[in-house]
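Structural overview
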Amino acid sequence: MAVTPTEKRKWKQKQDTWVAERRISSHWWRCARCLVRVYVATDGWYCQRCKRNCETPRHEARMPQSLSN
């Protein structure tokens, strides 16, 4: 099924709204693959368990908070 530019735009808007409503911690993030909690102070933005980086949108959502903390 093809996705039109309008559908992509609507999906992006919904994602942005969803992220804005979340309580996001700048101290830890959850790996999307293995679901383990990764602490930024010890492992940074890299999951040691499954060898995967934090997804860019999740990382960016946490950056303004970590700068102010």
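Below is a short write-up of the structure. (Residues numbered from 1 in each chain as written. Predicted model: local features only at pLDDT ≥ 70, side-chain atom pairs only at ≥ 80, totals over all residues. Heavy atoms only, no water.)

Let's shift gears to the overall build of the protein chain. Secondary structure summary: the protein chain contains three helices and four strands in total. Sequence-ordered secondary structure for the protein chain, helices as α and strands as β, is α-β-β-α-β-β-α. Taking all 69 residues of the protein chain together, the buried fraction comes to 17%. Summarising the internal contacts of the protein chain: among those between residues at least 6 apart in sequence, 29% fall at separations of at least 24. As displayed, the protein chain offers around 5800 Å² of accessible surface, 54% of which is attributable to carbon and sulfur atoms. (Helix = DSSP H or I, 4+ residues; strand = E, 2+ residues; numbered from the N terminus. Buried < 20%, exposed > 50% of the residue type's maximum accessible area, 1.4 Å probe, protein only. Contact = heavy atoms within 4.5 Å. Areas by Shrake-Rupley, 256 points an atom, 1.4 Å probe, with all protein chains shown as cover.)

Let's shift gears to the packing of aromatic side chains. This structure, assessed with the given rule, holds zero aromatic pairs. Between Arg 37 and the ring centre of Trp 28, over which it is positioned, the NZ or CZ distance is 3.7 Å. (Phe/Tyr/Trp six-rings, centres within 6.5 Å; stacked < 30°, edge-to-face > 60°. Lys NZ or Arg CZ within 6 Å of the ring centre and 35° of its normal.)

Further remarks concern the state of the cysteines. Using the criterion set out here, one finds zero disulfides in the structure. Not part of a disulfide, Cys 34 finds its nearest cysteine sulfur in Cys 47, a span of 3.6 Å. Of all cysteine sulfurs, the one in Cys 31 lies closest to Cys 54, which takes part in no disulfide; the gap is 8.5 Å. (Disulfide = S-S within 2.5 Å.)

Summed over all chains, the structure comprises three salt bridges. Two residues, Asp 16 and Lys 12, come together in a salt bridge whose shortest N-O distance is 3.0 Å. With Asp 16 and Lys 12 both in helix α1 (residues 5-21) and four residues apart, this pair spans about one turn of that helix. Among the residues examined, Lys 12 registers a relative accessible area of 46% and is labelled partly exposed. Arg 22 is the salt-bridge partner of Glu 21, the closest N and O atoms lying 3.8 Å from each other. In this structure Glu 21 comes out as exposed when scored by relative accessible area, which is 55%. (Salt bridge = Lys/Arg side-chain N within 4 Å of Asp/Glu carboxyl O.)

Membership of the largest hydrophobic core is limited to seven residues, which are Trp 29, Cys 31, Val 38, Trp 45, Cys 47, Cys 50 and Cys 54. Apart from the residues within four sequence positions on either side, Cys 50 is in contact with Cys 31, Arg 33 and Cys 34. (Core = buried A, V, L, I, M, F, W, Y, C linked by side-chain atoms within 4.5 Å.)

Right, let's get into the side chain of Ser 25. Mapped onto the elements of the fold, Ser 25 is located in the loop between α1 and β1 (28-30). When its relative accessible area of 19% is taken as the criterion, Ser 25 is described as buried. Of the polar contacts made by the side chain of Ser 25, one reaches the backbone nitrogen of His 27; its length is 3.0 Å. (Polar contact = N/O pair within 3.5 Å; in protein donor to acceptor, adjacent residues only side chain to side chain.)

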